[in-house]
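# Residue-level structure breakdown
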Amino acid sequence: MRLSRYYIPTLKEDPADADVVSHKLLMRAGMIRKLTSGIYNYLPLGLRSINKVAAIVREEMDRAGAMEVLLPMVQPADLWVETGRWDYYGKELLRVKDRHGRDYCLGPTHEEVITDLVRGEIKSYKQLPVNLYQIQTKFRDEIRPRFGLMRGREFIMKDAYSFDKDEDGAEKSYWEMFEAYRAAFSRIGLRFKPVQADSGAIGGDFSHEFMVLADTGEDTIASCLSCEFGANLEKARVKLPEAKPEVDESAVPAMEEVATPGVHTVEEVCSFLDITADKLVKTLLLVVDGEPVAALVRGDRELNDIKLRNIVGGNEIEMADEALVRELTNAPVGFAGPAGLDTNVPIYADRELTMSTDWVAGANKSDTHVLHLALERDCTIERYADLRVIEETDPCPECGGKIEFTRGIEVGHVFKLGLKYSEKMEATFLDENGKSKPMVMGCYGIGVSRIVASAIEQNNDENGCCFPPSIAPFEVCLISLGGKDQDVADKAEELYGEIMKLGVDAAYDDRKERPGVKFAEADLIGYPMQLVLGGKGLKNGIIEAKDRKTGEKIELPLDGFAEAFTAWRKEIWNNWGLEIA
Ligand code: ATP
Ligand code: MG
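In this report, the structure presented in the accompanying data block is examined. This one's a predicted model, so the numbers in the text were calculated from it and none came from an experiment. (Residues numbered from 1 in each chain as written. Chains lettered and ligands numbered in written order. Predicted model: local features only at pLDDT ≥ 70, side-chain atom pairs only at ≥ 80, totals over all residues. Heavy atoms only, no water.)

Looking now at the pattern of salt bridges. All told, the structure shown has 49 salt bridges when counted by the stated rule. Among the ionic pairs, K239 bridges to E242, the shortest N-O distance being 3.5 Å. You can call E242 exposed: its relative accessible area is 72%. K279 is the salt-bridge partner of D278, the closest N and O atoms lying 3.9 Å from each other. (Salt bridge = Lys/Arg side-chain N within 4 Å of Asp/Glu carboxyl O. Buried < 20%, exposed > 50% of the residue type's maximum accessible area, 1.4 Å probe, protein only.)

Put into structure tokens, the structure is as follows:
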């Protein structure tokens with residue numbers, strides 16, 4: 001592509017509303033433009049990159065036996081009513097009415113539509129399994145669209161859905177997708193890690209997020225330094241110490257009230273009573289699917305509300321509001337405790353609370369706490385379970401090794417759905433014995449546009465993007481420093497022709513710009529390979545070749561250019577850990 005005829009509106013300055021480097025660089029390199037909050041135009045260079053990501057994803061999905069479809073973006077409300085998500089999905093779902101007043105939404109995801117499609121067509125176990133995917137624009141009215149392509153309201157996603165006749169089949173489909181993701185992200189050139197994620201009601205190990213490791217990531221992941229373990233913070237199990245101390249509740253003195261006027265928070269209680277937070281039981285009141293529950297964790301720990309929700313077996317969880325706290329504890333916020341709490345409220349306690357006794361807790365009475373609380377003796381615990389958020393000082397739940405927290409960007413998610421949609425929507429088939437059964441489903445998403453931003457987050461420097469060659473808008477930029485020198489211009493034309501003949505996508509900077517401008521733009525856009533032909537090089541029979549990532553420059557001979565270039569290109573790809581497509 002000749003840059004003299006190409007549209008690349010670069011910017012000299014960082015846009016004011018861009019906080020992360022990928023957003024800044026995508027704007028400055030002329031790859032995207034904002035239309036309105038969370039909604040972007042993809043310009044020629046940006047779209048090329050997106051399309052390259054999509055092509056790799058498509059190849060890996062096809063290789064895994066999935067079949068591409070394209071479903072409508074506008075979806076009728078009826079389907080969402082069937083699954084209950086018309087009400088449940090909330091404000092991320094953009095709802096619209098047609099001219100007849102009928103309700104529709106813009107697809108944020110396609111479980112309903114795909115299940116509707118499949119239930120109308122697939123009737124027998126002989127037609128299963130099936131895995132269908134699409135690459136399409138999604139719309140989610142995100143509460144906080146930000147970071148450019150990272151969290152848009154409109155974005156491009158690959159979503160796949162598998163249908164199997166039984167659990168074994170569904171698990172096989174799941175792991176096939178898992179491997180396809182690994183292959184795709186490797187080929188894209190991302191440094192990534194699949195981590196365990198919350199699988200909600202399904203349970204088990206059938207939800208993994210693929211995380212790109214980057215400081216700007218919105219997610220925190222716990223990884224083990226010794227083994228393969230990695231988990232999203234909301235999922236990460238907490239390991240209890242092997243040796244359980246002897247806990248003798250009979251030796252604990254009788255529970256005793258103590259006045260704690262105006263002392264609400266853990267810090268305030270600790271400093272007032274001169275104790276450390278690990279002597280305190282923190283009592284949190286929450287509402288799960290409309291029902292109040294209490295959760296206990298040690299004073300220095302944090303409740304993991306996803307774990308609690310899963311233990312209680314609900315969908316929606318939120319903190320109890322002030323009025324409800326007053327109703328349940330007869331006190332303002334800050335004095336809830338497990339002893340003497342409204343007996344209709346089931347109490348779930350973190351397992352760690354079995355490791356000690358003689359606690360301090362709220363007294364369910366204004367300005368009062370209790371000392372010498374023994375949980376088994378003084379209250380009724382519904383269940384002890386792993387309820388807290390893992391900490392960096394905790395051991396790895398799998399091998400006991402050291403845990404490290406890192407930031408990650410979720411670029412993909414594989415998830416076993418089980419019967420959630422097929423039961424509600426009656427997507428059934430007849431099995432080998434003529435018995436009607438719901439299909440076992442899985443869903444698998446990849447954030448195609450987010451990947452381009454993630455790749456930049458991982459690969460940039462003060463001069464701009466350093467794209468992996470697999471998804472760079474163009475692999476190579478040939479810069480002609482001809483100026484008025486017709487010989488250089490002619491030779492550059494010839495070389496451009498040769499590169500094109502090799503089937504390599506090249507940007508050819510044939511513009512009448514100063515060399516400095518051309519160099520700066522090539523660095524900003526981040527073509528992995530730069531070739532620079534000037535008068536001197538032509539005279540000496542060489543062309544300069546620069547590796548954008550390392551900055552390393554070598555000279556390639558003009559005589560036998562095609563071979564030399566091919567070998568250098570191979571080396572560049574290999575240095576990225578990639579094989580030429
Ligand atoms: P997140 O936790 O980041 O909101 P999600 O759990 O809502 O993600 P999924 O529904 O699993 O995401 O969607 C599949 C993939 O689509 C995600 O892994 C992510 O890469 C991408 N994605 C989700 N939301 C957005 C968004 N607002 N902008 C860009 N990509 C997105
Ligand atoms: Mg989301």
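So, about the side chain of K416. Take K416: it is sitting in strand β21 (residues 403-418). Exposure remark for K416: the relative accessible area of 6% places this residue in the buried category. At 2.5 Å, the side chain of K416 and the side chain of E167 are in polar contact. (Helix = DSSP H or I, 4+ residues; strand = E, 2+ residues; numbered from the N terminus. Polar contact = N/O pair within 3.5 Å; in protein donor to acceptor, adjacent residues only side chain to side chain.)

Around ligand 1, the surrounding shell holds 15 residues, and the nearest of these are R140, E142, R151, G152 and E410. Within the side chain of R151, an N or O atom sits 2.7 Å from an oxygen atom of ligand 1. In the environment of ligand 1, an oxygen atom lies 3.1 Å from a nitrogen or oxygen atom belonging to the side chain of H413. Expressed as a share of its isolated accessible area of 580 Å², the protein-covered part of ligand 1 is 82%. Within the residue set of the shell around ligand 1, elements represented by two or more residues are β8 (154-164), β21 and β24 (440-447). Class assignment for the residues of the shell around ligand 1 results in five nonpolar, five polar and five charged. (Near = heavy atom within 4 Å. Areas by Shrake-Rupley, 256 points an atom, 1.4 Å probe, with all protein chains shown as cover. Nonpolar A, V, L, I, M, F, W, Y, C, P; charged D, E, K, R; others polar.)

Time to look at the sheet that holds strand β20 (residues 383-385). Taken together, five strands build an open sheet; the order of strands is β16-β14-β15-β17-β20 and the sheet is mixed. Bordering the open sheet on either side are β16 (317-319) and β20, each of which pairs with just one other strand. Taken pair by pair, the neighbouring strands of this sheet meet at an average axis angle of 35°, ignoring direction. Alignment of strand β14 (residues 281-288) against β16, held across three bridges, turns out to be antiparallel. Residue pairing for β16: L286 is matched across the bridge by M319. (Pairing = 2+ DSSP bridges. Axes fitted to C-alpha atoms, helices over the stretch in contact; angles between N-to-C directions.)

Applying the stated criterion across every chain yields a total of one cavity of 30 Å³ or more. In this model, the largest cavity occupies a volume close to 40 Å³. The wall of the largest cavity is formed by V238, L240, D350, R351, E352, D386 and R388. A class-by-class count of the residues in the lining of the largest cavity yields two nonpolar, no polar and five charged. (1 Å grid on protein atoms, 1.4 Å probe; cavity = no way out; pocket = protein on both sides within 12 Å on 5 of 7 lines; lining within 4 Å. Points joined across faces, edges and corners; volume = space filled by probe spheres on them.)

By size, the foremost hydrophobic cluster in this structure holds 63 residues, and its most contacted members are F185 and Y527. Per-domain counts for this core show at least three residues from each of domain 1 (19-215 + 411-457) and domain 3 (469-575). Residues contacting Y527, with those up to four places away along its chain left out, are L3, I8, F474, E475, V476, C477, A507, A522 and R548. Core analysis: the second largest hydrophobic core is formed by 26 residues, L79, Y161, F163 and F415 among them. (Core = buried A, V, L, I, M, F, W, Y, C linked by side-chain atoms within 4.5 Å. Domains from an automatic or database assignment. Contact = heavy atoms within 4.5 Å.)

By the criterion of burial, strand β15 (residues 291-298) is predominantly enclosed, with six of the eight residues buried. Relative to β15, β14 is paired through eight bridges, and the arrangement is antiparallel. Residue L284 lies in a different strand from β15, and its bridge partner there is A295. Hairpin connection, β14 to β15: the antiparallel pair is bridged by two residues, and D289 has positive phi, about 45°. Alignment of β15 against strand β17 (residues 347-350), held across three bridges, turns out to be parallel. Bridge assignment links A295 to a residue of β17, and that residue is Y348.

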